[in-house]
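# Per-entry structural report
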Amino acid sequence: MTSSASRPSLDDVLDAYSVEPDPGHHTLEHYLRSYPEFAKELVDLSRELSRAIPENPAPLTDSEQAMIAAAIRRVLQEKEDGA
């Protein structure tokens, strides 16, 4: 039995799953059996990875661009304040 001290973190498990060559049903089942404590996060990631990516997404609106710019400014300010 593996001790909890040597168990991988949530981030490690999600990173490993995300780079699986075939993150389909059987791989997800394996991860769910191996890491039941991360079941919700694994299922969420599986759904995200299986989403279709539109070929020609609509361009961002001015409002969306402004929200992104504000978020970037906020993160940079927080980083500057914390440094």
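Look up a bit, the structure's there.
No experiment lies behind these values; they were computed from the predicted model shown. (Residues numbered from 1 in each chain as written. Predicted model: local features only at pLDDT ≥ 70, side-chain atom pairs only at ≥ 80, totals over all residues. Heavy atoms only, no water.)

## A look at the pattern of salt bridges
- Evaluation of the coordinates by the stated rule reveals 3 salt bridges.
- The shortest N-O distance in the salt bridge between Lys40 and Asp44 comes to 3.0 Å. In this pair, Lys40 and Asp44 are both assigned in helix α3 (residues 39-50), 4 residues apart and thus about one turn of the helix distant.
- Overall, Lys40 belongs to the exposed group, its relative accessible area being 60%. (Salt bridge = Lys/Arg side-chain N within 4 Å of Asp/Glu carboxyl O. Helix = DSSP H or I, 4+ residues; strand = E, 2+ residues; numbered from the N terminus. Buried < 20%, exposed > 50% of the residue type's maximum accessible area, 1.4 Å probe, protein only.)

## Here we look at the nonpolar core
- Among the nonpolar cores identified, the biggest contains 9 residues, and these are Val13, Leu14, Tyr17, Leu28, Tyr31, Tyr35, Phe38, Leu42 and Leu45.
- Listing elements by their share of this core, those giving two or more residues are α1 (10-18), α2 (25-34) and α3.
- Here this core takes 3 residues from α1, the largest share from any one element.
- Residues in contact with Phe38, not counting those within four places in the same chain, are Pro8, Ser9, Leu10 and Val13. (Core = buried A, V, L, I, M, F, W, Y, C linked by side-chain atoms within 4.5 Å. Contact = heavy atoms within 4.5 Å.)

## Some thoughts on the packing of aromatic side chains
- As enumerated under the stated definition, the model contains 3 aromatic pairs in all.
- Relative to Tyr35, the ring of Tyr31 lies with its centre 6.1 Å away and its plane at 40°, an arrangement referred to as tilted.
- Take Tyr31: its relative accessible area is 7%, and that puts it in the buried class.
- Look at Tyr35 and you get buried, because its relative accessible area is 18%.
- Here Tyr35 and Phe38 contribute two aromatic rings whose centre-to-centre distance is 6.5 Å and whose plane-to-plane angle is 25°, an arrangement assigned as stacked.
- What makes Phe38 buried here is its relative accessible area of 12%. (Phe/Tyr/Trp six-rings, centres within 6.5 Å; stacked < 30°, edge-to-face > 60°.)

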